[in-house]
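# Structural overview for review
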Amino acid sequence: MELPLIDTDLKFFKINKRYYVLDIPSSTLFEIHPKLEKILIQSVHNLSTDYLNVLKREYDFLDWMELIGELQYLIEHQYLTIYSSQIIPYELKEQKINSLTLNVCHDCNMCCVYCYQNYGTFTKESEYMSKEVVNKGIEFLFKESPDSKVFLNISGGEPLLNEELVKYVVQTAREYEDKYEKELKITLITNGTLFEKELLNELVKKRVELIITLDGRSEEHNQMRLMANHRPSYNFIYDRLKWVKESGIKYRIKGIIHHLNLPYFDQILEMYEKAQVPAFQLEPVIAKANEEYALTQSDIEQLKKYYDQLFDRYQKDEFLKRFINLTAALDCIACKKNLGYTCGAGKNHLCITPKGDIYPCHLLVGEEKFLLGNILEGTLDQELRKRFYQPLHVLNRESCKNCWARYFCGGGCVGENYLSLKSLVKPYPPRCQLTKHILKKAIQVYCSSLTEEKKLNLTPERRKKGREIYRIS
């Protein structure tokens, strides 16, 4: 029996003396016999006749026949993706919008040091959205989307500086939800300093979810996140977290990790645990390399060690189940997440400014070359929009198209890439390095935690011989 001629795209892992392979195009993870690994490794580089002759001499005839049989089984049942080694540029069909961000104001009551929005204003002057922009924006979302579920983000600046309009947005959106018989998810992104109990109760009734920005303990938080008058902001937020919890509203905390607060990483997590937050995420700061708070390569290596320690504790520490960075990575593996894009920026998501200008993403607001139209004028340049999102697919990115993690990651946040590197398609190095490291560790934890019952034996007749291959995700 001859070895099947295949061309595959695989990533190999050795975990606890066991061998695993990730079929990259399908995001499928397998446990394999170590001898089969040698064959599959060579298949990635195209098997040569000379190598096969050398390889055959390592096995007796029955072993060789068995390994080839297992490989044929994987191919015939399409557990391995067979494709041309030439990466073909990806062209996406016309996309419809199903997600919208409304920047209800370009103004903020804080002046965070690392803010990419010029302290929440984006421009030199504050701007506030009108009801007319809201009406046209929400109507556009519901009319444009063919999906049964749509998403609305309310952002700023600090959106609660325009509190009455936020209430109007929520009320109007829920009316459209009933009118169009679609499921609507509303998320309010806020610094958490302006909550009042009455407002929280109203948001609960309208099923609004919150993302609240808080960088850990007061010492670390106040270092970078100050009120507009340069006074500390921590107490304003922490005191209101009690009201948030009492209201029963669904929320999560978002913190920023940077060079200056990294030494206090453990203390930041302790604060989140003490505050009993239901879910939290920590994101690398968006910064140019020359900023004093920018993450250095040494910082990134230290962060990798922190994540290793957290993953090692993950199965025994219930609190870590709330850490989105960890749970999201494990979900990627378990659910065989397969992304061509990190997000829908420009593709199925748009952002509308207070004046009605339309951008692909809230991180790109103010960059005139990404201005797609204006909701008040009824303009949206579909050709420009397509030229924006078409190059962003991972197969169209030189930096990403050969990466083993590309379909778990989707290529990284385009806004983050642009703000740090002035390139949409080059991944922001801290994010890229951390993402791959976290995913690799998640694979180790996932494989180590699987029981025999969770493994699907592809070739049960080989169990007695100990030649078992498992499809495990």
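To be clear, the structure that these remarks concern was listed above.
Now for a look at the structure at hand. (Residues numbered from 1 in each chain as written. Predicted model: local features only at pLDDT ≥ 70, side-chain atom pairs only at ≥ 80, totals over all residues. Heavy atoms only, no water.)

## Quick notes on the overall build of the protein chain
- The secondary structure content of the protein chain amounts to 15 helices and 17 strands.
- Taking all 473 residues of the protein chain together, the buried fraction comes to 55%.
- In the protein chain, of all internal contacts separated by at least 6 residues, the share reaching a separation of at least 24 is 70%.
- Total accessible area on the protein chain stands at roughly 22,100 Å², and carbon and sulfur atoms take up 48% of it. (Helix = DSSP H or I, 4+ residues; strand = E, 2+ residues; numbered from the N terminus. Buried < 20%, exposed > 50% of the residue type's maximum accessible area, 1.4 Å probe, protein only. Contact = heavy atoms within 4.5 Å. Areas by Shrake-Rupley, 256 points an atom, 1.4 Å probe, with all protein chains shown as cover.)

## Digging into the packing of aromatic side chains
- Scanning all chains against the criterion turns up 15 aromatic pairs.
- Summarising the aromatic geometry, the rings of Phe-265 and Tyr-307 are spaced 6.1 Å apart at their centres and angled 70° between planes, so their arrangement reads as edge-to-face. Here Phe-265 is found in helix H9 (residues 265–274), whereas its partner Tyr-307 is found in helix H10 (residues 297–313), with 42 residues between them in sequence. In terms of burial, Phe-265 and Tyr-307 fall into one category: buried.
- Centre to centre, the rings of Phe-280 and Phe-319 are 5.3 Å apart; their planes meet at 20°, and the pair counts as stacked. One end of the pair, Phe-280, is in strand S11 (residues 280–284); the other, Phe-319, is in the loop between H10 and helix H11 (324–334), with 39 residues separating them in the sequence.
- Residue classification places Phe-319 among the buried positions, given a relative accessible area of 6%. (Phe/Tyr/Trp six-rings, centres within 6.5 Å; stacked < 30°, edge-to-face > 60°.)

## Thoughts on the sheet that holds strand S12 (residues 349–352)
- Strand order in the open sheet formed by 10 strands is S11-S10-S9-S8-S7-S4-S12-S13-S14-S15, and the pairing between neighbours is mixed. Both outer strands of the open sheet, S11 and strand S15 (379–380), are each paired with one neighbouring strand and no more.
- The strands that H9 touches are strand S10 (251–257) and S11; relative to S11, the one it contacts most, it runs at about 155°. (Pairing = 2+ DSSP bridges. Axes fitted to C-alpha atoms, helices over the stretch in contact; angles between N-to-C directions.)

## Comments concerning the pattern of salt bridges
- Tallying each qualifying case throughout the model produces 21 salt bridges.
- Residue Arg-217 pairs with Glu-219 through a salt bridge whose shortest N-O separation is 3.8 Å.
- What emerges from the salt-bridge pattern is a single network uniting Glu-163, Glu-164 and Lys-167. (Salt bridge = Lys/Arg side-chain N within 4 Å of Asp/Glu carboxyl O.)

## As for the nonpolar core
- Within the largest apolar cluster, 105 residues are counted, with the highest numbers of intra-cluster contacts made by Leu-210 and Tyr-272.
- In terms of residue count, the dominant contributor to this core is helix H15 (residues 429–449) (8 residues).
- In this view, Tyr-272 contacts Leu-214, Asp-215, Gly-216, Ile-253, Gly-255, Val-277, Phe-280, Leu-282 and Phe-319; residues no more than four positions away in its chain are not counted.
- Counting 16 residues, the second-largest nonpolar core is a separate cluster that includes Tyr-341, Tyr-389, Val-414 and Leu-419. (Core = buried A, V, L, I, M, F, W, Y, C linked by side-chain atoms within 4.5 Å.)

## What about the pairing of strand S8 (residues 183–190)?
- Alignment of strand S7 (residues 149–155) against S8, held across 6 bridges, turns out to be parallel. Paired with Leu-152 across the two strands is Ile-186, which belongs to S8.
- Between the parallel elements S7 and S8, the chain passes through helix H5 (residues 163–180) in a crossover that is right-handed.
- Bridge count for S8 against strand S9 (residues 208–213) is 5 bridges, and the pairing is parallel. Directly across from Ile-189, in S9, lies its bridge partner Ile-211. (Right-handed = clockwise from strand over helix to strand, strands pointing away.)

## Things to note about helix H12 (residues 382–389)
- Burial in H12 covers these residues: Arg-385, Phe-388 and Tyr-389. Projected down its long axis, H12 carries its buried residues within an arc of 80°, all on one side.
- Residues of H12 that are buried make contact with S12 and helix H14 (414–421). (Arc of directions from axis to C-beta.)

## Structural notes on helix H4 (residues 131–144)
- Between its terminal C-alpha atoms H4 stretches 20 Å, which fits the 20 Å expected from 14 residues at 1.5 Å a residue.
- On its buried side, H4 packs onto strand S4 (99–103), S7, H5, S8, S12 and S15. (Expected span 1.5 Å × (residues − 1).)

## Concerning the packing of H11 against H15
- The interhelical angle for the contact between H11 and H15, taken along N-to-C directions, is 65°, at an axis separation of 9 Å. Taken together, the axes of H11 and H15 lie roughly perpendicular to each other. Relative to H15, H11 is oriented so that their crossing is right-handed. In this structure, H11 uses Asn-325, Ala-329, Leu-330, Cys-332, Ile-333 and Ala-334 to contact H15, whose residues at the interface are Ile-438, Leu-439, Ala-442, Ile-443, Val-445 and Tyr-446.
- For the contact of H11 with H15, the per-class residue count stands at 11 nonpolar, 1 polar and no charged. (Parallel < 35°, antiparallel > 145°, perpendicular 65-115°, else oblique. Left-handed = near helix turned anticlockwise from the far one by under 90°. Nonpolar A, V, L, I, M, F, W, Y, C, P; charged D, E, K, R; others polar.)

## Overview of the side chain of Arg-240
- Examined against the element boundaries, Arg-240 turns out to sit in helix H8 (residues 234–247).
- Of the side chains with opposite charge, Glu-196 comes closest to the buried, unpaired Arg-240, at an N-O distance of 4.3 Å.
- Among the polar contacts listed, one links the side chain of Arg-240 to the backbone oxygen of Phe-195, at a separation of 3.2 Å. (Lys, Arg positive; Asp, Glu negative; His and termini not counted. Polar contact = N/O pair within 3.5 Å; in protein donor to acceptor, adjacent residues only side chain to side chain.)

## Thoughts on the environment of Arg-431
- Note on placement: Arg-431 falls in helix H15.
- Assessed through its relative accessible area of 22%, Arg-431 is described here as partly exposed.
- C-alpha of Arg-431 to C-alpha of Pro-284: the two residues are 147 residues apart in sequence and 6.7 Å apart in space.
- With residues near it in sequence (within four places) discarded, Arg-431 still touches Glu-283, Pro-284 and Glu-416.

## Some remarks on unusual backbone geometry
- A cis amide bond links Gly-156 with the next residue in sequence, Gly-157, at an omega value of 20°.
- Summarising the element assignment, Gly-157 is placed in the loop between S7 and H5.
- With a phi angle near 70°, His-230 is a residue other than glycine that sits in the positive phi range.
- Located in the positive-phi region is Lys-422, a residue other than glycine, with phi close to 60°.
- Here Lys-422 lies in the loop between H14 and H15.

So, to be careful, I would describe these as geometric facts and stop short of saying anything about function.
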